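What follows is the residue order along each chain.
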2 protein chains.
Amino acid sequence: MSQEPTGLLFVISGPGGVGKDTVIEKLLQANPNLHYSVSFTTRPKRDYEVDGKHYTFVDEERFRNLIARGELLEHATVNGYLYGTSRTRVEKAQKQGQDVILKIDVQGAETVRKKRPDAIFIFIQPPSMEELMKRRRKRGAEPPEVMRERQKLAEREMSFASFYDYVVVNENADQAARDIAAIIEAEKRRRRVQPEPTP
Amino acid sequence: MSQEPTGLLFVISGPGGVGKDTVIEKLLQANPNLHYSVSFTTRPKRDYEVDGKHYTFVDEERFRNLIARGELLEHATVNGYLYGTSRTRVEKAQKQGQDVILKIDVQGAETVRKKRPDAIFIFIQPPSMEELMKRRRKRGAEPPEVMRERQKLAEREMSFASFYDYVVVNENADQAARDIAAIIEAEKRRRRVQPEPTP
């Protein structure tokens, strides 16, 4: 039983368009000791995104390689693109005593729940489904069939909320970031059975 | 299944002298929406205490009457005096949507854990046993045999910490109050199964 402080692992999910990136950015700004573990993805970079900050953008060959080498804690396909979390990056930060934040889709979160039962799961929810669709429309015009697909995916994603430890409503990104910060502070004081060492 | 918001119930314990009163006072000052449910006690009022604020001071006959009428959620004897929590005050505040704070000794907390499994238990811990004894000495000189008794009681109380949901170290009362506030904010966002209605 090591006495060294080990960081906690937080998984944040939420339907596309709910504002996860903004909330996480505000959370990290206010809590510089948190370690945000950047995911790998094969999806194309969006204009506002920075490689290595929002995602590590890789091609499918490199991604398949990461899977083969057992380098990913989880991976999942969303909208036809691969997304995955680096196992070694997460473990290294935790061993250094840093609390780690992962942004993972609901499928990937299921995998992490099995592999890392000590992780804490936070779901970011929109105030309403209408509000979510309104926010998506603001991001840019999409053809009606794409919007319908997105809505169906969002409904599917929302149906996973009840498997999470915490649900934070993103009415306002600053407040949602503060709510998550409170959850992190509380969890640090939560009495827990010593977690099983990761093999 | 009522849709009305129901307040949460928080139980705060900790060894005598750890500074529960100061921490709770700071917590209530910063969070005026919290409802502190004042306990009944038969112990004599201390100089700095205010009747109806720190405790409702009653004689033993009145206390026995409260027990007989089923008015107490829990009661326990500490250092020869009776302490008890009003069930109706707690339930009324919760029904009004207020989060309720109870300061209860470790025995009383055990009773609440059985009667109210939905309650959240927070233990306030001193940075060390030496620090606790130092704080006690600062409160006023006590004969060595009383000090020894207090230490034994404190050790017994400390041994209950591992039954609590959260452990907050009171190194500094302002920080401890903020820690408890974070726990309350987190718990409001914690996904929970609808609690069984109290009979």
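Keep in mind that what you see is a predicted model, and the values were worked out from it rather than measured.

A. Structural detail: the overall build of chain A. Along chain A, the regular secondary structure elements total seven helices and nine strands. Compactness check: chain A gives a C-alpha radius of gyration of 17 Å against a globular reference of 16 Å for 199 residues, within 12% of the reference. With the C-alpha coordinates aligned to their principal axes, the bounding extent of chain A is approximately 55 × 40 × 30 Å. A total of 199 residues make up chain A; the buried ones form 35% of that total. Of all intrachain contacts in chain A linking residues separated by at least 6 positions in sequence, the fraction that spans at least 24 positions is 70%.

B. Local environment of the sheet that holds strand E9 (residues 166-169) of chain B. Residues and elements named next belong to chain B. Spatially, E2-E7-E1-E8-E9 is the arrangement adopted by the five strands of the open sheet, whose pairing is parallel. Edge positions in the sheet fall to strand E2 (35-36) and E9, since each of these pairs with one other strand and no more. Two strands pair when backbone bridges link them, and strand E8 (residues 120-125) and E9 are joined in this way by four bridges, in the parallel orientation. Bridge pairing in E9 places Ile124 opposite Val168. The strands touched by helix H4 (residues 106-115) are strand E1 (9-13) and E8; relative to E1, the strand with the most contacts, the crossing angle is about 155 degrees.

C. Seen up close, the sheet that holds strand E6 (residues 81-86) of chain B. Residues and elements named next belong to chain B. In space, the four strands of this open sheet follow the order E4-E3-E6-E5, with mixed pairing throughout. Only two strands of the sheet have a single partner each, and these edge strands are strand E4 (55-57) and strand E5 (72-78). Adjacent strand axes in the sheet meet at a mean angle of 25 degrees when their direction is disregarded. Here strand E3 (residues 39-41) runs beside E4; their pairing, made up of three bridges, is parallel. Note on E4: the bridge partner recorded for Thr41 is Phe57. Where helix H2 (residues 60-68) meets the sheet, its contacts fall on E3, E5 and E6, and the angle it forms with E6 comes to roughly 40 degrees.

D. Expanded view of the packing of helix H1 (residues 20-30) of chain B against helix H7 (residues 173-188) of chain B. Residues and elements named next belong to chain B. Viewed as axis vectors pointing N to C, H1 and H7 meet at an angle of 60 degrees, and their least axial separation amounts to 8 Å. The angle between H1 and H7 places the two elements in the oblique class. Crossing hand, H1 versus H7: right-handed. Between H1, through Thr22, Val23, Lys26, Leu27 and Ala30, and H7, the contact on the second element is made entirely by Ala173, Asp174, Ala176, Ala177, Ile180 and Ala181.

E. Region of interest: the relation of the copies chain B and chain A. At an RMSD of 0.0 Å, chain B and chain A line up after a rotation of 180 degrees and a shift of 0.0 Å along the axis. Within this description, the copies of the chain are treated as partners about a two-fold rotation axis. Closest approach to the rotation axis within chain B is made by the C-alpha atom of Ala182 of chain B, at a distance of 2.3 Å. A shared interface surface links the copies, since 100% of the contact residues of chain B are contact residues in chain A too.

F. Highlighting the environment of Arg178 of chain B. Residues and elements named next belong to chain B. On the secondary structure map, Arg178 appears in helix H7. What makes Arg178 partly exposed here is the crowd of 18 C-beta atoms within 10 Å. Each C-alpha atom, one on Arg178 and one on Ile120, is 17 Å from the other, the two residues being 58 residues apart in sequence.

G. A look at the environment of Gln175 of chain B. Looking at the element boundaries, Gln175 of chain B is found in helix H7. Taking the C-alpha atoms as reference points, Gln175 of chain B and Pro127 of chain B, separated by 48 residues in sequence, lie 13 Å from one another.

H. Broad picture of the interface of chain B and chain A. Chain B puts 14 residues into the contact, and the matching count from chain A is 14 residues. When contributions to the side of chain B that touches chain A are tallied by element, the ones reaching two or more residues are E9 and H7 of chain B. The element contributing the most residues to the side of chain B that touches chain A is H7 of chain B, with five residues. Residues that form the side of chain B that touches chain A fall into these classes: seven nonpolar, one polar and six charged.

I. Looking closely at the environment of Ile180 of chain B. All names here are of chain B. Along the chain, Ile180 falls in helix H7. Note on Ile180: 27 C-beta atoms within 10 Å, which makes it buried. On a C-alpha basis, the gap between Ile180 and Val168 in space is 7.4 Å, while along the polypeptide they are 12 residues apart. Residue contacts for Ile180: discarding those within four places in its chain leaves Val23, Leu27, Ile122 and Val168.

J. The arrangement of the nonpolar core in detail. Membership of the largest hydrophobic core comes to 76 residues, with the highest contact counts inside it found for Phe10, Val11 and Ile122 of chain A together with Phe10, Val11 and Ile122 of chain B. In contact with Phe10 of chain B, not counting residues within four places along its chain, are Asp99, Val100, Ile101, Leu102, Ile120, Ile122 and Ile184 of chain B.

K. Quick peek at unusual backbone geometry. One non-glycine residue, Asn79 of chain A, adopts positive backbone phi at about 55 degrees. In this fold, Asn79 of chain A is placed in the loop between strand E5 (72-78) and strand E6 (81-86).

L. Summary view of the pairing of strand E8 (residues 120-125) of chain A. Residues and elements named next belong to chain A. E8 sits mainly inside the fold: six of its six residues count as buried. Where strand E1 (residues 9-13) meets E8, four bridges bridge the pair, whose relative direction is parallel. Within E8, the residue paired with Ser13 across the bridge is Phe123.

Parameters at a glance
Residues numbered from 1 in each chain as written. Chains lettered and ligands numbered in written order. Predicted model: local features only at pLDDT ≥ 70, side-chain atom pairs only at ≥ 80, totals over all residues. Helix = DSSP H or I, 4+ residues; strand = E, 2+ residues; numbered from the N terminus. Rg over C-alpha atoms; globule rule 2.2 N^0.38 Å. Buried ≥ 20, exposed ≤ 12 C-beta atoms within 10 Å, placed from the backbone. Contact = placed C-beta atoms within 7 Å. Pairing = 2+ DSSP bridges. Axes fitted to C-alpha atoms, helices over the stretch in contact; angles between N-to-C directions. Parallel < 35°, antiparallel > 145°, perpendicular 65-115°, else oblique. Left-handed = near helix turned anticlockwise from the far one by under 90°. Least-squares fit on C-alpha atoms with pLDDT ≥ 70 in both. Nonpolar A, V, L, I, M, F, W, Y, C, P; charged D, E, K, R; others polar. Core = buried A, V, L, I, M, F, W, Y, C linked by C-beta atoms within 7 Å.

These values are about where atoms sit, not about what they do.
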